Every structure is written in C-alpha cells, then in structure tokens.
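Results of the structural survey
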Amino acid sequence: MSKRSARRNRGRTLNKESNLRNVRNRRTSVGIFSEYIGRTLSFEQREAERKTQLRRISTARGRDIIVYAADISKGQEGAPISIDYSDLMPISDQLANCTGTAIDVILETPGGDGTVAEDIVRILRDQYDDIAFIIPGYAKSAGTIMAMAGDEILMGPTSGLGPIDAQLFWQGKVFSAEALIEGMEKIKKEVEKTGVLNKAYIPMLQNISPGELQSAKNALDFARELVTRWLATYKFRNWTTHSSTGLAVTAEDRKRRAAEIAEQLCSHQKWLSHSRSIRLADLQKMRLQVTDFTKAEPELADAISRYNVLMRMTFHSQVYKLIETIDSQIYKHFNKQQVIVQQPETPPSSRPLTPGMDAPSAVVDITCRSCGTQRRLQLNFEPNAALAPGAEPLPLSGPVTCKNCGNALCDAADLRKEVEQQAGREATS
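Residues numbered from 1 in each chain as written. Predicted model: local features only at pLDDT ≥ 70, side-chain atom pairs only at ≥ 80, totals over all residues. Heavy atoms only, no water.

For the rest of this paragraph, the subject is the nonpolar core. In terms of nonpolar packing, the biggest core is built from 53 residues, with M148, L265, L283 and L288 touching the most fellow members. The greatest single-element share of this core, amounting to 7 residues, is contributed by helix α9 (residues 210-235). Excluding anything up to four places from it in sequence, L283 contacts M155, L161, L265, I278, L288 and V290. (Core = buried A, V, L, I, M, F, W, Y, C linked by side-chain atoms within 4.5 Å. Buried < 20%, exposed > 50% of the residue type's maximum accessible area, 1.4 Å probe, protein only. Helix = DSSP H or I, 4+ residues; strand = E, 2+ residues; numbered from the N terminus. Contact = heavy atoms within 4.5 Å.)

A few words now on the environment of A219. In this fold, A219 is placed in helix α9. Using a relative accessible area of 23% as the deciding quantity, one classes A219 as partly exposed. Taking the C-alpha atoms as reference points, A219 and D165, separated by 54 residues in sequence, lie 8.5 Å from one another.

Let us now look at the packing of helix α4 (residues 88-95) against helix α5 (residues 114-127). Where α4 meets α5, the axes come as close as 11 Å, and the angle between the chain directions of the two elements is 15°. The angle between the axes of α4 and α5 places the two elements in the roughly parallel class. Judged by the sense of rotation from one axis to the other, the crossing of α4 with α5 is right-handed. For the pair formed by α4 and α5, the contact residues are L88, I91, S92 and L95 on the first element and V116, D119, I120, I123, L124 and Q127 on the second. Tallied by class, residues from the contact of α4 with α5 come to 7 nonpolar, 2 polar and 1 charged. (Axes fitted to C-alpha atoms, helices over the stretch in contact; angles between N-to-C directions. Parallel < 35°, antiparallel > 145°, perpendicular 65-115°, else oblique. Left-handed = near helix turned anticlockwise from the far one by under 90°. Nonpolar A, V, L, I, M, F, W, Y, C, P; charged D, E, K, R; others polar.)

This part is about α4. When α4 is considered as a whole, its buried residues turn out to be L88, P90, I91, Q94 and L95. Check the buried side of α4 and you find it contacts β1 (64-70), β2 (102-108), α5, β10 (319-324) and β11 (329-333).

For S141, which is not glycine, the phi torsion reads 50° and is therefore positive. One can find S141 in the loop between β4 (138-139) and α6 (142-147). With relative accessibility at 16%, the residue S141 sits in the buried group.

Once that is clear, we can look at the side chain of D104. Mapped onto the secondary structure, D104 falls in strand β2. Looking at D104, the relative accessible area reads 1%, which means it is buried. Apart from residues lying up to four places away in sequence, D104 is in contact with R61, R63, D64, I65, I66, A132 and I134.

Moving on, we get to the environment of V227. Counting through the fold element by element, V227 comes out in helix α9. For the pair V227 and I261, spaced 34 residues apart in the sequence, the C-alpha separation amounts to 8.5 Å. When sequence neighbours within four positions are dropped, the list of residues in contact with V227 reads I145, M148, I164, A262 and L265.

What follows is about the pattern of salt bridges. Counted under the stated rule, the structure contains 28 salt bridges. For E263, the salt bridge identified is with R224, shortest N-O distance 2.9 Å. Linking E263 in helix α10 (residues 251-266) with R224 in helix α9, this pair joins segments that are 39 residues apart in sequence. (Salt bridge = Lys/Arg side-chain N within 4 Å of Asp/Glu carboxyl O.)

So, in structure tokens, the structure goes:
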C-alpha cells in the first residue's frame, strides 16, 4: 500500500470515529425523551431503566452513586419538596447500601433548610472522603450550598445553581436578608446625614426588632461562612499551584478564593432574584472549576442525560421526592385524593353514629397525574364490609400504580395510615 493510500485510509478511519462521537453526543442532548415516551414504559420498567443508567454512571466513574431529587413543579401544589429533616433518615438508609470510598451525588432540589443541608453533607463526609455532585438540572439555594461541599462538581450547559442569599419570612412576605440589612443601613446613614428620620420609615421600623435584624445577619453569615469553609477544605484542597505564576498555593490563598466565591453567591445585588439561575459559565467566571459532563466521555454523558430524563418522567406520577442507589430506592408520594367515608345502613346500637368514627369503611379516589385514570380504593374498619361501587380493597403495603399507564399513585402503607388517622380508627382489612 502506498503512503498516500495509507494516509487516505487513516483519514477515513478518523472521520468515521469522529462521526461516531458526534452521533453519540447528539443522542445525549436530543431525542432521549421522545425515545422513552415512544416506548410507553410502565412505572416498574422506568425504575429498572433508571437503575441501568445509574450502573452505567457508577461504572464509568468507578464510584458509588446516590440520588437526592425533588420535583420542583409539585411545590406549587403543596408538596413538601424542600430539603428538610425528614430527608436525613432516608439518605442514611440508602447510604447503608454503599461500601466504596468515593461517591457521586445526583442532586435536584429547589433548596430548603440550610442547617439540614449541612447535616446531609456531614452524613456524606462521615462515610466518604471524596464526593462529587452531579447536577443535570437544578440545585438551588441550600442545594447550591451542598454542591460547594464537593471535591468535584459536574454540570451541563442548561444546569443551574442559585444564589445562597438567606431568605427571611417577615410580615407575611419573603425577603432577602441582605436586602433587609442594606435597607436598614441606608435609613441609618440618611438619619446620620440629615439628623431627621423620614416619617415614611416609621411604620416599617416599628415592626422590626433588633432581634430580627440580628437573625437576618446570622442567616446571611451562616451561608457565607459554610460555603467558604467547604470550598477551602474540599474543592480547593488539590489546588497546589497558581496557574498564572507557578507559585505554590497556600492555605490562606484557598481561603481567600473561597471567600470571594461565597461572597458572589451570597450577593443579592449581583443576582437581584433568589430564583435566578447561575449557569456553568457564570461559575467559571468566578474562577470555580466545574466539569461539563456533556463534554465528558460519550458513555458517561449519555448515561447522565438518560437518567435525568427518566427521573423527570418518574415525577409525572404522585412521586415528589426520590432518594435512591443502584440497588434500592425510597419514594415520597404526594396524594391529592378524595376520602369518602361510607355510612352503615344500620348504626351500631351500642353508641350513636358519628360520621368518620362509626363508618364501616373509607373510600379513597386517586387520579393519576399522568393519564387522568382514577382508582377507587377501600379500607375497611369492620369485618366483611361491602365494597362500594367501583372500589377495590386497599393493599396492606407496596406501591399502588395506575392500571392504565403504570405510574405510581401512592404507597399503600402510607395511605392506610393517613386514612386511619382521619377516621380515628384502625383498619381491619
């Protein structure tokens, strides 16, 4: 073979490999949702497919993996989607299944209690020395604080973190702690300059106590100091040389850089809105190193993108929180069901009929969020109670799924407890 032919064949091979990479990369960003919709997977099949993608991510990265995700859209319906103390036990439970030395955390959250975020990071750090946060969608507020505790952060171009300026509930409204403090400081400087207090400020000042102002300052300092400490301790611990000068990086250098980034993340003046999205490019401008997972190995990029789609499809059901590993999972369900207490034809002679207390059964109507199909489930408080029209017995435990599309509607055991509490009685079946 001539040298020219060899070069031509080598060029064809390189073009073929390049085209293959391009095809793989396109598959990670478009068409995945349509692909899964077209397959009309049941809830159980969707769960199995999620596990497949988690295994792919874990294998590609060589690390354990856990997911903490909430359906941000269900917050408008009243679901408790924020980070709160009820999350600590499920997270600890799922981590008990993990035995490695490094872990990836897929994070999707609107935020929540910053002190609980600190507790979650502590739980993770007690078990792992090396932690990475993968954010395919959004991790706002306290979720951003959590991400700053990672040795590595992986995001995509459409992923978003959020400002960590503390929010306060005051006089029925939510305010930025920084904006409240700045407003008070502005009034103080005006009085010092003019010697007169503008009467327009009096009604507002009458409703603010020194304790409330101190609480605002404490909330702001908490987020800033926590992020500064975590960045300096974990994210920057392998930062050893200044790229611009070649000089060694000192502990004070790490702390100074961390404080600069924390200050920017806390700045209400910079972002103006607590709901503002901070993108990968914004973080890079802050000189915070973030990995773009869409530019990683095609296998990893595809697996993360597929898991993200499957996770969001799972939230088309009554599930509002998902905490899972490769081998197990915990769902939290949000049920907006109608409970109908069936009255007996003949009231018990031993006591007067009290609606909800003497009824032989309760009927729960649950509508599937995905397809609108309704299931009618009955819980009996007396033996051999007749089934209501169209009703079926409520199982003792396990997921209750839509008979049409297979989406999870609720957990039978949780629903049973809820109905028993409303009726004030224990079920017999």
